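# Per-entry structural report
So the chains spell out like this:
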Amino acid sequence: MSSTLRTIPRVALRAPATAKLSALRPAPTSSARVLARAYSSQQRQYQMPRTRKAGTGGILGVLAAGALAGWYFYSKQQDETPAWKKVNYQNVYKDIADLLEDENYDDGSYGPVFVRLAWHASGTYDKKTHTGGSGGATIRHAPESEHGANAGLDVARRRLEPLKQKYRNISYGDLYTLAGVVAVQELGGPTVQWRPGRSDLQADACTPDGRLPDAAQGADHVRDIFYRMGFDDREIAALVGAHALGRCHTYRSGFDGPWNASPTAFTNFFYTELLNNTWVPKKWDGPKQFVDKQSGAFMMLPADMAFKTDPRFRTYIELYARDQDTFFNDFSAAFAKLLELGVKFPEDAPTYRFKPLD
Ligand code: HEM
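Residues numbered from 1 in each chain as written. Predicted model: local features only at pLDDT ≥ 70, side-chain atom pairs only at ≥ 80, totals over all residues. Heavy atoms only, no water.

### Thoughts on the packing of aromatic side chains
This structure, assessed with the given rule, holds 22 aromatic pairs. With 5.6 Å between their ring centres and 65° between their planes, Phe266 and Phe328 make a pair best called edge-to-face. Taken together, the residues Phe266 in the loop between β2 (257-258) and α11 (269-276) and Phe328 in helix α14 (residues 324-340) connect sequence positions 62 residues apart. Here Phe328 falls in the buried class, since its relative accessible area comes to 13%. The lysine or arginine in question, Lys164, covers the ring of Tyr172, its NZ or CZ lying 4.9 Å from the ring centre. If you follow Lys282 out to its NZ or CZ, it ends over the ring of Trp284, 4.9 Å from the centre. (Phe/Tyr/Trp six-rings, centres within 6.5 Å; stacked < 30°, edge-to-face > 60°. Helix = DSSP H or I, 4+ residues; strand = E, 2+ residues; numbered from the N terminus. Buried < 20%, exposed > 50% of the residue type's maximum accessible area, 1.4 Å probe, protein only. Lys NZ or Arg CZ within 6 Å of the ring centre and 35° of its normal.)

Encoded structure:
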């Protein structure tokens, strides 16, 4: 077969099919010219699609190559962008806000338990060793997740988990702290500055048990715990005002009941209730706690009572009870500081102050 091919002249091999056909063309009489035109137009009709096909294919090829190159450079650039920069935090804020309400949970809101999650994720910080804090989100790992003080916070983490799946570039540390900010703001509290850029750590970075306050103790213990984090008396007194929110659960901490009648509204009621009520020990077989003498419906922890009895704390309790704006300002600053304890933020991490939703 190959030898047969070799015997055929190269010109014949290269000659287009049209060349052979033109050799068969009749003499150019006028009718023949018509025929020839018809023939050549037939040829054009036959050839044109081939030409057009090749052109479209070429353009498509160039476009595809361009798109491919564009995609390559885009994805390369995306890969080099740190994960925290790929998240739209305003959208996360909105999605967290949408998770707050649930008429079947507690008093109808996950807000209080989100605030507690943000606080317990952050309140493990030790300024001497620079360990703990919200940076690594170690609160989600055992043994830290199992520390007595963290009982019940799995509920908050589970509620937030779908958002971690939705925004896979957000760190748990950013998600948990932002949830605290959203809850404070959406329940009517002050706006709170917040920065992203925390990087999650593994279980080996868990902090030892005992870094969070023990509710059964008094002012000295409370100071030891909060001074270790780097707070002063005024900041401590402002932070504990978060006990306007939520309630104690016997099946979590052993204590029982809300601090006031509006546990899903961020107010200065912790201070007004603490000062204006007479608090008596609750008669029950649970841990020592106090209830208001009048109705017995509201409670105070022994550690809460220390803010009334300790003279230095009491100054601030009185200030915040009569001046909600000052409380809001001080709480906002102290809470923002709490959420950032020990976190090494990227230099270009922006500071957000989200607008509360309507
Ligand atoms: C003196 C220091 C503190 C002590 C001893 C303390 C103790 C407690 C205890 C025992 C509970 C009940 C937990 C349960 O049974 O579910 C609780 C709830 C709560 N704590 Fe504190 N806490 C302190 C400071 C703080 C701070 C600084 C914040 C926030 C800035 C905070 C926010 C909350 C919130 C919002 C709840 C309600 C949680 C819910 O409703 O699920 N606490 N706290």
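Additional details are given in the paragraphs that follow.
### Brief notes about the site of the ligand
Inspection of the region around the ligand gives 23 residues, with Trp119, His243, Arg247, His249 and Ser253 positioned closest. In this structure, Ser253 approaches the ligand through a side-chain N or O atom, which is 2.6 Å from an oxygen atom. Put simply, the ligand lies in the largest pocket. At the level of secondary structure, the elements contributing two or more residues to the shell around the ligand comprise α6 (111-122), α9 (219-229) and β1 (247-248). Element by element, the count of residues in the shell around the ligand is highest for α6, at four residues. (Near = heavy atom within 4 Å. Polar contact = N/O pair within 3.5 Å; in protein donor to acceptor, adjacent residues only side chain to side chain. 1 Å grid on protein atoms, 1.4 Å probe; cavity = no way out; pocket = protein on both sides within 12 Å on 5 of 7 lines; lining within 4 Å. Sits in = over half its atoms within 2 Å of the grid points.)

### Some thoughts on the pattern of salt bridges
It is possible for side chains of opposite charge to pair when their charged atoms get near one another. Counted under the stated rule, the structure contains 15 salt bridges. Notably, a salt bridge pairs Asp102 with Arg159, separated by 3.9 Å at the nearest N-O pair. Taken together, the residues span a long stretch of sequence, with Asp102 in the loop between α5 (89-100) and α6 and Arg159 in helix α7 (residues 153-166) at a distance of 57 residues. Between Arg195 and Glu340 there is a salt bridge, with the nearest N and O atoms lying 2.8 Å from each other. Here Glu340 lies in helix α14 and Arg195 lies in the loop between α8 (172-186) and α9, a separation of 145 residues in the sequence. (Salt bridge = Lys/Arg side-chain N within 4 Å of Asp/Glu carboxyl O.)

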